[in-house]
Amino acid sequence: MLAVQNLHAGISGKEILRGLSMDVQAGQVHAVMGPNGSGKSTLAHVLAGRGPYEVTGGQALFDGADLLGMAPEERAAAGLFLAFQHPVEIPGVANMYFLRTALNSLRHQRGQSEVSPGEFLRQLEDKVSQVGLDRTLLQRSVNEGFSGGEKKRNEVLQMALFEPRLAILDETDSGLDIDALRVVADGVEALRGPQRAFVIITHHQRLLEYVRPDRVHVLSGGRIVRSAGPELASELEANGYGEARTGRSTDELARAGASR
Amino acid sequence: MTSTLPDLDIAELASREYQYGFASDIDTDLAPKGLSEEVIRLISQKKEEPNWLLQWRLSAYRHWLAMSEPTWQNVHYGPVDYADIIYYAAPKSKKKGPSSLDEVDPEVRAMFDKLGISLAEQERLSGVAVDAVVDSVSVVTTFQRKLAEAGVIFCSFSEAVRTHPDLVRPYLGSVVPYRDNFFATLNSAVFSDGSFCYVPKGVRCPMELSTYFRINAAGTGQFERTLIVAEEGATVSYLEGCTAPRRDDNQLHAAVVELVALEGASIKYSTVQNWYPGDAQGRGGIYNFVTKRGRCAGAGSKISWTQVETGSAITWKYPGVVLQGEGSVGEFYSVALSANHQQADTGTKMVHIGKGTKSTIVSKAISAGHGQNTYRGLVKMLRSAEGARNHTRCDSLLIGPQCGAHTFPYIEVKHPSAQAEHEATTSKVSEDQLFYCRQRGISEEEATSMIVNGFCREVFRELPMEFAVEAQRLLSVSLEGTVG
């Protein structure tokens, strides 16, 4: 589904991804782990098409199509969803209106008709119950004044509503209590199926206790340095990233970050 | 359900240009170019005015000759040649003063149909009474009979002078005197038409009233004058809309609006101003120099101004309220957009005289392209204004690196118990917000429009529903091409 080959990208002339390759098949859940500054968020943003990041080499194919040549909204319509690490506030725009506009924009790009307001409400009601979002947040402005946990739930709500083929979760688990973490995990599990894939970007393996990944990758210095099955996550938790990268467990900085 | 406004039509977003820029071929009666006592006498004569009104005009003209154009505003434009303007232009009517739609020149009706304001349909379906003003004169007023049943008088200014001089004379110039300012004084001398509305004691006007202003003839100026009087306990909501053809030269529009609210009366005045703004290079467009003021004369009266200003090359207007009556309330809600090379210097004046008077100001200024937007507001609380309160919120939104937003609040408080609060913010449509929307599938243009509409929401919700939709759509169209 997603084939990234030798990807080089950076920002303001500084190279951050230095030849990253990974291959995600439909039906799989991949975890990308790594210390701060290893390029995790850059990977998420480059795949979603964020402007300031420049791709300087390599390619990324999404279902065989050139992902890097598409506008962000085209990537979304193709089925790529990014759950933001820092969801953005949009004052004055009611959350519900935003969700419906987004859903209809996606459908419009796919040549589908708009959902009727009644049908939309029905769908939304299902998903809101599923993620346990406080209903008053639907009437409020998008993410404005939401707590950290509410913002993440709102991201999971959008993921559930838009039903993407490939969802990238950019540290969606950071700063969440155990209940919110379960909401994220349940959101992934509810959508998990043979047609979909997930890339879970995370700093520590807590979320992976609830969502069992098929593959775990260690990102370091802008490339994948190690890939293995789910057992790798536990190993990283025990030994830190230094071990994974170099065979020695002396990277205190990374370890401090990893066990935070 | 939340009061979310309907979706914006993407196809409509794609229609790039100012869509009201056509000119209609209407047989027009024109006064000679330039301004003189003769021209003023001619205008007055054409309108069969009583002598007192002619004398009032002439007093204004003589006063105007000694005045000079104001220069304090933060807008820049070439000199206006007042001798090169046609001060009176009227579509020739087959019959004088059409009493029904059937008697209106078909070309004029076709023009309004093209503007999306089918006069016939307005009459039949929407239940909004419309006074249609083309260039210098009112061509038709709908629903007059039904309004008359409720005791409401709604007609063109000229007609009111003929039929209700006793109501016009005491109030004309009572809020905006003919010596008020350069443009208001010019208007007092040459004003040709506009709307008059009178709502008697205790009457709640049974429908929305609206005036649609259209400049059609080239080389002319439009100088309309509107007067609304609400007697004790009366309530009225009034809306005006404006468009003009696309022309390479600038046309002058200098209007005056006076509102009078007696005890317990309430007047809501909404404007959706979409005069031709000029092209992307800043050629052409309307110079919109307007004086609007209301007087809360009676205790507990209320005047509320809501304006959405998306058109004009230059906008210069400060709709204000003189809060005389005890406990009277003044409100000003404004969205002003300056895109391309548009310049706006707009705001309000709230003058608190009575005890316990209150005013609220919400101003949303949007600048895009090379647009320059200035908020200029005066909150004045006199020695008599015990316990007066004002709250001002003034937000500016910038789109792109070449536009500007400026804020000039003036606050004068003379009574120790009076309170004035001022909040101001300036923000940009951020890359974060746009990317977030786009990641959800929303195009950059639609996302910008959504973010801007969100920014304006506090003001839009003050508009009557159908006009809120219109305002939203206008804003989206006006923002096209300002992104990226």
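First things first, this report covers the structure right here in the doc.

Analysis parameters
Residues numbered from 1 in each chain as written. Chains lettered and ligands numbered in written order. Predicted model: local features only at pLDDT ≥ 70, side-chain atom pairs only at ≥ 80, totals over all residues. Heavy atoms only, no water. Pairing = 2+ DSSP bridges. Helix = DSSP H or I, 4+ residues; strand = E, 2+ residues; numbered from the N terminus. Axes fitted to C-alpha atoms, helices over the stretch in contact; angles between N-to-C directions. Contact = heavy atoms within 4.5 Å. Salt bridge = Lys/Arg side-chain N within 4 Å of Asp/Glu carboxyl O. Polar contact = N/O pair within 3.5 Å; in protein donor to acceptor, adjacent residues only side chain to side chain. Nonpolar A, V, L, I, M, F, W, Y, C, P; charged D, E, K, R; others polar. Phe/Tyr/Trp six-rings, centres within 6.5 Å; stacked < 30°, edge-to-face > 60°. Buried < 20%, exposed > 50% of the residue type's maximum accessible area, 1.4 Å probe, protein only. Lys NZ or Arg CZ within 6 Å of the ring centre and 35° of its normal. Parallel < 35°, antiparallel > 145°, perpendicular 65-115°, else oblique. Left-handed = near helix turned anticlockwise from the far one by under 90°. 1 Å grid on protein atoms, 1.4 Å probe; cavity = no way out; pocket = protein on both sides within 12 Å on 5 of 7 lines; lining within 4 Å. Points joined across faces, edges and corners; volume = space filled by probe spheres on them. Core = buried A, V, L, I, M, F, W, Y, C linked by side-chain atoms within 4.5 Å.

Within the open sheet, the four strands sit side by side as β2-β1-β4-β5 (chain A). Their pairing is antiparallel. Looking at which strands have only one partner, the edges of the open sheet turn out to be β2 (14-24) and β5 (65-66) of chain A.

This part takes up the sheet that holds strand β10 (residues 197-202) of chain A. Residues and elements named next belong to chain A. Strand order in the open sheet made by the six strands is β6-β9-β10-β3-β11-β12, with mixed pairing throughout. Strands at the two margins of the open sheet, each flanked by one partner only, are β6 (80-83) and β12 (223-228). Neighbouring strand axes in the sheet, compared pairwise and without regard to direction, differ in orientation by 20° on average.

At the junction of the two partners, chain B supplies 26 residues and chain A supplies 40 residues. The interface formed by chain B and chain A contains four salt bridges. Connecting chain B to chain A are 14 residue pairs in polar contact (both at pLDDT 80 or more). Elements with a contribution of two residues or more to the side of chain B that touches chain A: α10 (431-439) and α11 (444-460) of chain B. Per-element tally for the side of chain B that touches chain A: the top contributor is α10(B), with eight residues. Classifying every residue of the side of chain B that touches chain A by side-chain character gives 11 nonpolar, seven polar and eight charged.

Here the focus is the packing of aromatic side chains. Residues and elements named next belong to chain B. Evaluated as defined, the whole model comprises 25 aromatic pairs over all chains. Measuring from centroid to centroid gives 5.5 Å for Trp316 and Tyr318, while their planes differ by 80°, and the two rings are edge-to-face. For Trp316, a relative accessible area of 4% corresponds to the buried category. Every member of this aromatic cluster is reached through a ring pair, and the members are Tyr61, Trp64, Trp72, Tyr77, Tyr82, Phe182, Phe183, Tyr287, Phe289, Trp316 and Tyr318. The ring of Phe191 carries the charged tip of Arg225 above its face, separated from the ring centre by 5.6 Å.

Right, let's talk about the packing of helix α2 (residues 37-46) of chain B against helix α3 (residues 51-65) of chain B for a bit. Residue and element names in this part refer to chain B. α3 packs onto α2 with a crossing angle of 155° between their chain directions and a minimal axis gap of 10 Å. By the angle class used here, α2 and α3 are roughly antiparallel. In the packing of α2 onto α3, the handedness of the crossing is right-handed. Residue-level contacts link Glu37, Ile40, Arg41, Ile43 and Ser44 of α2 to Leu54, Arg57, Leu58, Tyr61 and Arg62 of α3.

This brings us to empty space enclosed by the protein. Summed over all chains, the structure comprises two cavities of 30 Å³ or more. Forming the walls of the second largest cavity are A:Ala76, A:Gly79, A:Leu80, A:Phe81, A:Leu106, A:Arg110, A:Phe162, A:Pro164, B:Gln439 and B:Arg440.

Let us look at the nonpolar core. Counting 113 residues, the largest nonpolar core has A:Phe98 and B:Ile366 as its most contacted members. Here this core takes eight residues from α11(B), the largest share from any one element. Not counting the four nearest positions on each side in its chain, B:Ile366 is found in contact with B:Val335, B:Ala336, B:Leu337, B:Ser338, B:Asn373, B:Leu397, B:Ile399, B:Val452, B:Phe455, B:Cys456 and B:Leu475. Within the second largest apolar cluster, 52 residues are counted, among which are B:Val39, B:Leu58, B:Val260 and B:Ala313.

Relative to the assigned elements, B:Asp279 resides in the loop between β12 (266-273) and β13 (285-296). For the pair B:Asp279 and B:Asn340, spaced 61 residues apart in the sequence, the C-alpha separation amounts to 7.6 Å.

A word on the environment of B:Ala344. Residues and elements named next belong to chain B. Position of Ala344 among the secondary structure elements: in strand β18 (residues 343-346). Distance from Ala344 to Trp316, taken between C-alpha atoms, is 6.3 Å for residues 28 residues apart in sequence. Setting aside anything within four residues of it in sequence, one finds Ala344 in contact with Val75, Thr315, Ser338, Gln372, Asn373 and Thr374.

This paragraph deals with the pattern of salt bridges. For side chains of opposite charge, pairing can occur when their charged atoms come near one another. The tally for this structure, following the rule as stated, stands at 29 salt bridges over all chains. A:Arg50 serves as the salt-bridge partner of B:Glu431, at 2.9 Å between the closest nitrogen and oxygen. Of this pair, B:Glu431 sits in helix α10 while A:Arg50 sits in the loop between α1 (40-48) and β4 (53-62), placing the two residues on different chains. Given a relative accessible area of 36%, B:Glu431 falls into the partly exposed group. Here the salt bridges share partners, and the residues they tie into one network are B:Lys364, B:Arg393, B:Asp395, B:Glu423 and B:Glu458.

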